[in-house]
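Fold and geometry: a report
Now for the letters of each chain:
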Amino acid sequence: MAELVARLHALRPTVEEIRSIASGTGVSVGIIHEAKVVLTDNFGFRDVKNKIPPDQDTIYYLASLSKSFTAAGIAHLISETPDLEWDTPVSKAYPPLSHKDPEVRQHATLVDFLSHRTGLAPKNHIWSQEFARFTLKRGEDIRVITDLEKIADFRSRWIYNNWGYGVADELIEHIDGRSWGKFVKDHIFDPLGLHRTVTAKQRDDDNVAKAYVTLANGEPWEIEEPDGEDGEILSGALAVRSCVRDLLKYYVAFMQAVKYDQTGSPLSTVSRAFVDAGKMVEPYIRLSSESGDLEGSYGLGWVRARLPCTLGALGMNRSYLGRMPTVGGGTQSTTCYYHQGSANSFLTSVYLLPDTESGVVVLSNSMAHCDIADWVGELYLEAILDSPEKNDYVQLAKSSAEAALGLWPGMRKELADKQIPNTPIRPLSAYTGLYYNRIGNYCLAIVEKEGKLLLRFQGEKRITYKMTHYHHDTFSWLISHDHDAKLGRFPITRASFYLIKFDTYGPDDALVDSLIWVHDDEVLEGERFYKKDGQCNHMIKSLPTDHPGPVSEWRNSSIAKLASELDSTTGVLCEDGRQDHELAMVTTELEEQTRSIVDRERQSEDSRL
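Rules of the game
- Residues numbered from 1 in each chain as written.
- Predicted model: local features only at pLDDT ≥ 70, side-chain atom pairs only at ≥ 80, totals over all residues.
- Heavy atoms only, no water.
- Pairing = 2+ DSSP bridges.
- Helix = DSSP H or I, 4+ residues; strand = E, 2+ residues; numbered from the N terminus.
- Axes fitted to C-alpha atoms, helices over the stretch in contact; angles between N-to-C directions.
- Contact = heavy atoms within 4.5 Å.
- Phe/Tyr/Trp six-rings, centres within 6.5 Å; stacked < 30°, edge-to-face > 60°.
- Buried < 20%, exposed > 50% of the residue type's maximum accessible area, 1.4 Å probe, protein only.
- Lys NZ or Arg CZ within 6 Å of the ring centre and 35° of its normal.
- Salt bridge = Lys/Arg side-chain N within 4 Å of Asp/Glu carboxyl O.
- Core = buried A, V, L, I, M, F, W, Y, C linked by side-chain atoms within 4.5 Å.
- Expected span 1.5 Å × (residues − 1).
- Polar contact = N/O pair within 3.5 Å; in protein donor to acceptor, adjacent residues only side chain to side chain.
- Parallel < 35°, antiparallel > 145°, perpendicular 65-115°, else oblique.
- Left-handed = near helix turned anticlockwise from the far one by under 90°.
- Nonpolar A, V, L, I, M, F, W, Y, C, P; charged D, E, K, R; others polar.

The name recorded for the protein in an unreviewed UniProt entry is Beta-lactamase/transpeptidase-like protein, from Oleoguttula mirabilis.

In structure tokens:
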């Protein structure tokens, strides 16, 4: 044990070098071996402005590390509900969660949704946008889930899909009556003594990691903490917040509960907080069709792998490098359970070795130039294994950071190479209007202002994107890395994402009636959005209608006033650094005022009720 601890402590300069290469802000690490905590360490700052470092009690946004909590909660729900089993079709348990595809509707179970094997499209980029604010309200997730495109045969392919965990949290509330957050608190957080693990923003807690995005020059840019709280959409996929101290307790108890299910070994009192834990790590679907076995597969909130092998299937580095390095080279074959989380400003990872009850947890509070939590987690994992063939994680950090930054000018070059020059353009007014998805809950507003065409997601006036004519009836809204960062957007580095193609109808295709946006990486043909009051208006299943009461009217008019202030203050967004900075500051100030208005509305409604 002493030799292991010495190896782990010796890695501190390497972690600092990786953090420096990535220009990351804060990192917290916790390591267990033989079910005991052997190291906790912290790097950088949880609050850059005030130079406050994190510690093992600092609360971080976990993003997709939340999924294992939700899967564990579902196991409790099944154990307490007589007519609910793992193989019960979800539509039978909760009819509103009934997908339009007959096969999915009749057969999709909780295992299918939680293991990402439904074959449904991810649609990750419509539920959260600027400053990681949610664009859809609770309840709208049900409408989206039941209308997701089927892009692969049922149970044929692993397609990572956050909406499946939205199914889980909706089902918990429907059957139990408690919210998802209250349910997992009662069944998991409290029995395990996770006193700093929560499902809501901790506005009155001083020891919370602030959220950052790293600019191209390495400067940390502070943004708002991402949305994701109990009672909002997709809370079961991403809304848990926790600290290293709590997570180490959680993962030790989890590994012991899995061991009990698999071998019947003695179970500690704490580990009884888990029900059917072994179910969480069974191999339900291969991550890749290239693999001939089910090692390298997804369970329920966990990836199951067999070292030596490549890891990082859910992290950002894979998208930067294409292929990940083999971890644990030269060691004996051993099982590894892992997962990763990524929000627009937090990157997290956990790697567990159940054979030795070992594990690594890494929490970071910035969308840095590469996925720090990934590289640091693998670095410590190889130290635990004492791998004779260790990877050079400093070089990997350099390569991935360089590749990540290169993707932005690469998109601009790709668009330039594919552009058809000198194609005609219609009068800009021909393109303007509100364009809705088929179920009518997501809108792209196209506006003409001062001779320019502008794009607003969900009709939001506070943040506007300038569109430039690309060719024919296609326009680009491509922005820069720093522009994206300052707006708190998740970094999308696929050029087609930034193109809007308008479609036409009528004699000589004279009228614009819909547009196509390729916002889903898995749906390469894109999604069609229909123009409100256009020829194909009937394709929109329903449109949002407002029935505001006095409080809502006051709120809406106040927010409209703020939006007007922003319009007059900043005008159209552009890529000039000074204007970007001023815009972000004004936007942040107006966001705070808007939240204050909404909070006052809620307080007024509460007092009225």
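1. A short note on the sheet that holds strand β19 (residues 465–471)
The strand order around the closed barrel built from eight strands is β16-β17-β18-β19-β20-β21-β22-β23, with neighbouring strands paired in antiparallel fashion. Ignoring which end each strand starts from, the neighbouring axes of this sheet average 35° apart. Contacts from helix α14 (residues 393–418) reach β19, β20 (474–476) and β21 (499–505), with the element oriented near 35° to β19.

2. Points about the sheet that holds strand β5 (residues 220–223)
The three strands lie next to each other as β5-β4-β15, forming an open sheet whose pairing is mixed. Bordering the open sheet on either side are β5 and β15 (366–367), each of which pairs with just one other strand. Across two bridges, the pairing between strand β4 (residues 211–214) and β15 is parallel. Looking across to β15, one finds that Val-213 is bridged to Met-367.

3. Some words on the packing of aromatic side chains
By convention here, two paired aromatic rings are described through the distance between centres and the angle between planes. Evaluation of the coordinates by the stated rule reveals 28 aromatic pairs. On the numbers, 4.9 Å between centres and 70° between planes, the contact of Tyr-431 with Phe-475 is edge-to-face. Residue Tyr-431 is found in the loop between α14 and β16 (433–436), and its partner Phe-475 is found in strand β20; the two are separated by 44 residues along the sequence. For the pair formed by Tyr-431 and Phe-475, the shared burial category is buried. Positioned over the ring face of Phe-45 is Lys-51, at 5.8 Å from the centre of the ring.

4. Here we look at the pattern of salt bridges
This structure, assessed with the given rule, holds 39 salt bridges. Here Lys-150 makes a salt bridge to Glu-103, at a shortest N to O gap of 2.8 Å. On the criterion of sequence distance, the pair formed by Lys-150 in the loop between α7 (140–145) and α8 (163–176) and Glu-103 in helix α5 (residues 102–107) is long-range, its members being 47 residues apart. Linked through salt bridges whose partners overlap, the residues forming this network are Glu-3, Arg-7, Asp-386 and Lys-390.

5. Quick notes on the nonpolar core
With 172 residues, the main nonpolar core has Trp-86, Tyr-380, Trp-477, Phe-502 and Trp-517 as its most contacted residues. The residues touching Trp-477, leaving out its near neighbours within four places in the chain, are Leu-455, Phe-457, Tyr-465, Lys-466, Met-467, Arg-489, Phe-497, Tyr-498, Leu-499, Ile-500 and Trp-517.

6. Re helix α13 (residues 372–385)
The end-to-end C-alpha separation of α13 is 20 Å, in line with the 20 Å expected for 14 residues at 1.5 Å each. The N-cap residue of α13 is Asp-371: its side-chain oxygen and the backbone nitrogen of Ala-373 are 3.3 Å apart.

7. What to know about helix α11 (residues 244–263)
Compared with the 28 Å implied by 1.5 Å per residue over 20 residues, the 28 Å span of α11 between its first and last C-alpha is a close match. All of the buried residues along α11 are Val-244, Asp-246, Leu-247, Leu-248, Tyr-250, Tyr-251, Val-252, Ala-253, Phe-254, Met-255, Ala-257 and Val-258.

8. Some remarks on unusual backbone geometry
Glycine aside, negative phi is the norm for most residues, and most peptide bonds take the trans geometry. Geometrically, the link from Leu-307 to Pro-308 is a cis peptide bond, its omega value of 0° lying close to zero. You will see that Asp-386, though not glycine, has its phi angle at about 55°, which is positive. Inspection of the secondary structure assignment puts Asp-386 in the loop between α13 and α14. According to the relative accessible area criterion, Asp-386 is partly exposed, its value standing at 38%. A positive phi angle, near 50°, is found at His-472, a position not held by glycine. Here His-472 shows up in the loop between β19 and β20.

9. Topic: the packing of helix α2 (residues 12–22) against α13
Packing of α2 against α13 brings their axes to within 10 Å, and their N-to-C directions diverge by 160°. On the basis of the axis angle, α2 is roughly antiparallel to α13. Crossing hand, α2 versus α13: right-handed. Residues Thr-14, Val-15, Ile-18, Arg-19 and Ala-22 of α2 touch α13, and the partners they reach there are Ile-372, Val-376, Leu-379 and Tyr-380. Its residues assigned to classes, the contact of α2 with α13 shows seven nonpolar, one polar and one charged.

10. Observations regarding the packing of α13 against α14
Closest axis-to-axis distance for the α13/α14 pair is 10 Å, and the angle between their directions is 165°. One way to sum up the angle between α13 and α14 is to call them roughly antiparallel. The interaxial crossing formed by α13 with α14 has right-handed handedness. Note on element contacts: α14 touches α13 through Tyr-393, Leu-396, Ala-397 and Ser-400, opposite Trp-375, Glu-378, Leu-379 and Glu-382. Of the residues belonging to the contact of α13 with α14, the class tally is five nonpolar, one polar and two charged.

11. Overview of the environment of Phe-43
Looking at the element boundaries, Phe-43 is found in strand β2 (residues 36–44). The spatial distance from the C-alpha of Phe-43 to the C-alpha of Ser-28 is 6.4 Å, given a sequence separation of 15 residues.

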